[in-house]
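For reference, the chains in residue letters:
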Amino acid sequence: MTEYEIVVIPGDGIGPEVVDAALAVLKECETRYGLKLNYTFRDFSADLYRRTGRKITAADMDEIGKADAVLFGAMGLPDVRGPEGLELGAQVEMRAHYGLFSSLRPVRLFPGVESPVKAKNVDMLVIRETSEGMFAGLADKHEPSDESASDRMTITRATCEKLFDVAFSQARARRKRGTPGHVTLLHKSNALRSNVLMEKVFDEIAAKNDDIGSAKFYIDAGSMYMVTDPERYDVVVTENIFGDIVSEIAAGLVGGLGVAPSADVSLTHGVFQPSHGSAPDIAGKGIANPTAMILSAAMMLEWLGERRGDDRCAKVAQNIQSAIESALATGPRARDLGGTAGTQEVVDAVISALPA
Ligand code: ATP
């Protein structure tokens, strides 16, 4: 049996609560399906920084990067800021350190969950570029000023090529389970020079993948379609800040952040975490919806299974997804989905819905 080394970083707020939930589901899967996951727990959190000044370092990330994957809860607290006034996020540093250029954010309207818009069949994958775009200048020299401050948007051909290759291969892989096989670029090439290059590279990669349909919308119109006609989207790909925003609009269509997983991946490393943050407003109350974290753990198994040619691991990922689907259909429902269930009740429901 293949064994996997997993580094677990629970983080802040509801991070540790949803991580515990996902680990309970994974533990049941280990017993039931013969999977073997070895965990190493690391504490990197805004809370640790507040207490000790300790932050994740390059040496930590080199060490963590030797594992097969990282399972990450959520990090950041609104009142804990670095010297430049920004919230701390080990996830942002790991994206840079491992070159995690694409954040895969699948969004699906599960039976039993109501969408706030008139849509029945929302099933899309938003791919947010995560190494450059509007966050390209995070490490730039910063002169503190009360009069002026800037950020920098940079788009490179090399990252676009890798990103769009991922988008087209994801569309091809998804098509095997009935999606149309289509990629849409959201951009702003009418106003931003960097986006002119992004669009040009997209056209080149689309031409090489002509078995997959493609479309382009300006980010503003594309965001409107996200709400008025989300069923038109299959794979949506875009730069960093547009993807940050659009992926949360997409999550809102299918029940919100509590059900929106994500995977930050490069060709060699993967960090799996829910799309939501540390949600300090509900932390410690036992009411966080663990679905997004459990689905992120399933994405981790899917990714590991694909990389290692391990069908058993990929099958466990499918079993978790189908257990989530049944639990959402039958309830109990978490509070963010209009129900009254706490985190543990949702975990119990998912575990009892796991296929035999
Ligand atoms: P970040 O910028 O760090 O991603 P954010 O500003 O998107 O964070 P979140 O921490 O994700 O903010 O929380 C946004 C809202 O969604 C909050 O009201 C929070 O309570 C709610 N929320 C987030 N995750 C969950 C969850 N798993 N279950 C229930 N509610 C959640």
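See the structure shown above.
Here we summarise the structure given alongside this text. (Residues numbered from 1 in each chain as written. Predicted model: local features only at pLDDT ≥ 70, side-chain atom pairs only at ≥ 80, totals over all residues. Heavy atoms only, no water.)

Considering the site of the ligand
Just so we agree on the cut-off: Nearness here has a simple test: a residue counts as near a molecule or strand if at least one of its heavy atoms is within 4 Å of that partner. Any pair of N or O atoms that falls within 3.5 Å is considered a polar contact. Within protein, one atom must be able to donate a hydrogen and the other to accept it, and sequence-neighbouring residues count only if both atoms are side-chain atoms. Accessible surface is estimated by sampling points in the Shrake-Rupley manner with a 1.4 Å probe; for residues, cover comes only from the protein chains shown. Note that Gly is not counted as nonpolar here; it falls among the polar residues with everything else outside the nonpolar set of Ala, Val, Leu, Ile, Met, Phe, Trp, Tyr, Cys and Pro and the charged set of Asp, Glu, Lys and Arg.
Around the ligand sit 13 residues, and of these His276, Gly277, Ala279, Asp281 and Asn289 come closest. Between a nitrogen atom of the ligand and a side-chain N or O atom of histidine 276, the distance comes to 3.3 Å. A distance of 2.9 Å separates a nitrogen atom of the ligand from a polar atom in the backbone of asparagine 289. Relative to its unbound accessible area of 620 Å², the ligand is 62% covered by the protein chains. Residues belonging to the shell around the ligand are distributed by class as follows: five nonpolar, five polar and three charged.

Some remarks on the environment of arginine 335
Operational definition: Numbering goes from the N terminus for both helices and strands, where a helix is a DSSP run of H or I of at least four residues and a strand is a run of E of at least two. In what follows, residue pairs with any heavy atoms lying within 4.5 Å of each other are defined as contacts.
Take arginine 335: it is sitting in the loop between helix H10 (311–330) and helix H11 (343–353). In the structure, arginine 335 is positioned 153 residues away from histidine 182 in sequence and 34 Å away in space, judged by C-alpha atoms. Not counting residues up to four positions away in its chain, the partners in contact with arginine 335 are Ile287, Thr340 and Ala341.

Focus on the nonpolar core
Stated formally: The definition of a nonpolar core used throughout is a set of buried Ala, Val, Leu, Ile, Met, Phe, Trp, Tyr and Cys residues joined through side-chain atoms within 4.5 Å. Here the term buried applies to any residue with accessible area under 20% of the maximum for its type, exposed to any over 50%, and partly exposed to those in between, with areas from a 1.4 Å probe on protein chains only. For the domains described, the bounds stem from an automatic or database domain assignment.
By size, the foremost hydrophobic cluster in this structure holds 92 residues, and its most contacted members are Met124, Phe164, Leu301 and Ile320. With 10 residues, helix H9 (residues 291–308) is the largest single contributor of residues to this core. Structurally, this core is a two-domain feature, drawing no fewer than three residues from each of domain 1 (1–97 + 270–356) and domain 2 (115–138 + 150–254). Excluding anything up to four places from it in sequence, methionine 124 contacts Arg105, Pro106, Val107, Arg174, Met226, Pro230, Tyr233, Asp234, Val236, Ala250 and Leu253.

Some points on the packing of helix H7 (residues 219–228) against helix H8 (residues 240–253)
Rule in force here: The axes used here are C-alpha line fits, helices contributing only the stretch in contact, and every angle between their N-to-C directions lies in the interval 0 to 180 degrees. Throughout, the term roughly parallel applies to angles under 35 degrees, roughly antiparallel to angles over 145, roughly perpendicular to angles from 65 to 115, and oblique to all others. The crossing is said to be left-handed when, going from far helix to near helix, the turn is anticlockwise and less than a right angle, and right-handed when the turn is clockwise.
The N-to-C vectors of H7 and H8 enclose an angle of 15°; their axes lie 9 Å apart at closest approach. What the angle tells us is that H7 and H8 run roughly parallel. Where H7 crosses over H8, the handedness of that crossing is right-handed. Residue-level contacts link Ile219, Ser223, Met226 and Val227 of H7 to Phe242, Val246, Ile249, Ala250 and Leu253 of H8.

Some points on the environment of phenylalanine 135
Mapped onto the elements of the fold, phenylalanine 135 is located in the loop between strand E5 (123–129) and helix H5 (157–175). Separated by 78 residues in the primary sequence, phenylalanine 135 and glycine 213 have C-alpha atoms spaced 29 Å apart. Not counting residues within four places of it along the chain, the set of residues in contact with phenylalanine 135 comprises Arg128, Arg152, Asn240, Ile241 and Asp244.

Focus: the packing of aromatic side chains
For the record, the criterion: Ring pairs shown here join Phe, Tyr and Trp side chains whose ring centres sit within 6.5 Å, with only the six-membered ring taken for Trp; geometry is labelled stacked below 30 degrees between planes, edge-to-face above 60, and tilted in between.
On inspection of all chains with the given rule, the structure shows six aromatic pairs. Between phenylalanine 168 and phenylalanine 202, the ring centres sit 5.8 Å apart and the planes meet at 35°, which makes this aromatic pair tilted. Of this pair, phenylalanine 168 sits in helix H5 while phenylalanine 202 sits in helix H6 (residues 193–208); the two residues are 34 residues apart in sequence, bridging distant segments of the chain. With a relative accessible area of 0%, phenylalanine 168 lands in the buried category. Owing to a relative accessible area of 1%, phenylalanine 202 belongs among the buried residues under this scheme. Pairing phenylalanine 217 with tyrosine 233 gives two aromatic rings, centres 6.4 Å apart and planes at 80°, and the pair type is edge-to-face. On the criterion of sequence distance, the pair formed by phenylalanine 217 in strand E7 (residues 213–218) and tyrosine 233 in the loop between H7 and strand E8 (235–238) is long-range, its members being 16 residues apart. Exposure class is identical for phenylalanine 217 and tyrosine 233. Each is buried.

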